[in-house]
Number of protein chains: 2
Amino acid sequence: MPRGDRMRAQMVKYLAGVEAGDVEAVVSLFADSISVEDPVGGPPGTHVVGIDAVRVFFREGFAASQPRPRRDGPIVTTAGDEAAMAFTLHLELEGGLTEVDVIDVMRFDEEAQIISLRAFWNFRDARHHGSDR
Amino acid sequence: MPRGDRMRAQMVKYLAGVEAGDVEAVVSLFADSISVEDPVGGPPGTHVVGIDAVRVFFREGFAASQPRPRRDGPIVTTAGDEAAMAFTLHLELEGGLTEVDVIDVMRFDEEAQIISLRAFWNFRDARHHGSDR
């Protein structure tokens, strides 16, 4: 399978794993050296490196907000080892449903395992629905 | 103006400059040290560094294909110095109109000048219309 197609397939699995709240399904896509920035430019604790720390990060994130992604447009591959995609993330926060626009940029190793995940979003731009706090 | 808004404003100007085929308008958004990867992972000659080389790169690109971008979804900022956006690029190539899905990732300096532009797209995924060659 061409590299672009392998990257795309991994990103489809990633979104499905997030949708299902399945931490192990998500972590299975990552290399041991995985680096996650979620969000890019975020406060301390949002740049997490290594599979064990990343597993905890996703477990806590899934428990805190039950994220549900809905992809917006195609997964964009490259002739290199990186790909990107836009999606809307629905979060269940205490104050109600929140939607945030995200673009994920991922880098892959030779086995198409994800070695870097950079999530572009800005909580300032999130859309909050439901009761205000 | 918050940094996110300044980055967004610069990206809006970038798309307008590309739409107008106005090389100087585009280049005015770049720092002297600008690094352009278009596409990411592309062959030699697609990673161009420095304002003079980048000016030539855009001039040749605009002349070759008259690119017209149509943004898909919001510009996604971060709390850091990077932002991203998805768009569809219409290109006038010899064989007819070609459409390609792109995600641009940009990094900004303290004056909101663009210091890095990374264009994610894969010509393999381009949609060609018009006469086949």
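Residues numbered from 1 in each chain as written. Chains lettered and ligands numbered in written order. Predicted model: local features only at pLDDT ≥ 70, side-chain atom pairs only at ≥ 80, totals over all residues. Heavy atoms only, no water.

1. Details of the pattern of salt bridges
Thinking step 1. Enumeration according to the criterion identifies 28 salt bridges over all chains in this entry.
Thinking step 2. Of the charged contacts in the structure, one is a salt bridge between Asp5 of chain A and Arg8 of chain A, with a shortest N-O distance of 3.2 Å. One end of the pair is Asp5 of chain A and the other is Arg8 of chain A, both in helix H1 (residues 3–20) and 3 residues apart, which spans about a single turn.
Thinking step 3. Of the residues examined, Arg8 of chain A reaches a relative accessible area of 23% and is grouped as partly exposed.
Thinking step 4. The partner of Arg118 of chain B in a salt bridge is Glu82 of chain A, with the nearest N and O atoms 2.6 Å apart. On the criterion of chain membership, the pair formed by Arg118 of chain B in strand S6 (residues 114–120) and Glu82 of chain A in strand S4 (residues 82–93) is interchain, its members lying in two chains. An identical accessibility class is assigned to Arg118 of chain B and Glu82 of chain A; each is buried.
Thinking step 5. Salt bridges sharing partners connect three or more residues here, namely Glu37 and Arg118 of chain A together with Asp81, Glu82 and Arg107 of chain B. (Salt bridge = Lys/Arg side-chain N within 4 Å of Asp/Glu carboxyl O. Helix = DSSP H or I, 4+ residues; strand = E, 2+ residues; numbered from the N terminus. Buried < 20%, exposed > 50% of the residue type's maximum accessible area, 1.4 Å probe, protein only.)

2. Observations regarding the confidence of the model for chain A
Thinking step 1. Averaged over every residue, the pLDDT of chain A is 95; residues scoring 70 or more account for 98%.
Thinking step 2. The complex model carries a pTM of 0.95, and its ipTM stands at 0.94. (pLDDT = per-residue confidence, 0-100.)

3. So, the relation of the copies chain B and chain A
Thinking step 1. Once chain B has been moved 0.0 Å along the axis and rotated by 180°, it coincides with chain A to within an RMSD of 0.0 Å. The transformation relating the two chain copies, once decomposed into turn and shift, fits a two-fold axis. The position closest to the rotation axis in chain B is occupied by the C-alpha of Ala86 of chain B, lying 3.5 Å away.
Thinking step 2. Both copies contact each other with a shared surface, as 100% of the interface residues of chain B are interface residues in chain A too. (Least-squares fit on C-alpha atoms with pLDDT ≥ 70 in both. Contact = heavy atoms within 4.5 Å.)

4. Here we look at the nonpolar core
Thinking step 1. Judged by nonpolar contacts, the single largest core of 79 residues is most densely connected at Tyr14, Phe30 and Phe58 of chain A together with Tyr14, Phe30 and Phe58 of chain B.
Thinking step 2. With near-sequence residues (within four places) excluded, Phe58 of chain A lies in contact with Tyr14, Val23, Val26, Phe30, Val36 and Leu117 of chain A. (Core = buried A, V, L, I, M, F, W, Y, C linked by side-chain atoms within 4.5 Å.)

5. Considerations on the packing of aromatic side chains
Thinking step 1. Evaluation of the coordinates by the stated rule reveals 12 aromatic pairs over all chains.
Thinking step 2. Taking the centre distance of 6.3 Å and the plane angle of 90° together, the rings of Tyr14 of chain B and Phe58 of chain B count as edge-to-face. Here Tyr14 of chain B, found in helix H1 (residues 3–19), pairs with Phe58 of chain B, found in helix H3 (residues 51–65); they are 44 residues apart in sequence, far enough to count as distant.
Thinking step 3. Put simply, the rings of Tyr14, Phe30, Phe57, Phe58 and Phe62 of chain A pair up and form one aromatic cluster. (Phe/Tyr/Trp six-rings, centres within 6.5 Å; stacked < 30°, edge-to-face > 60°.)

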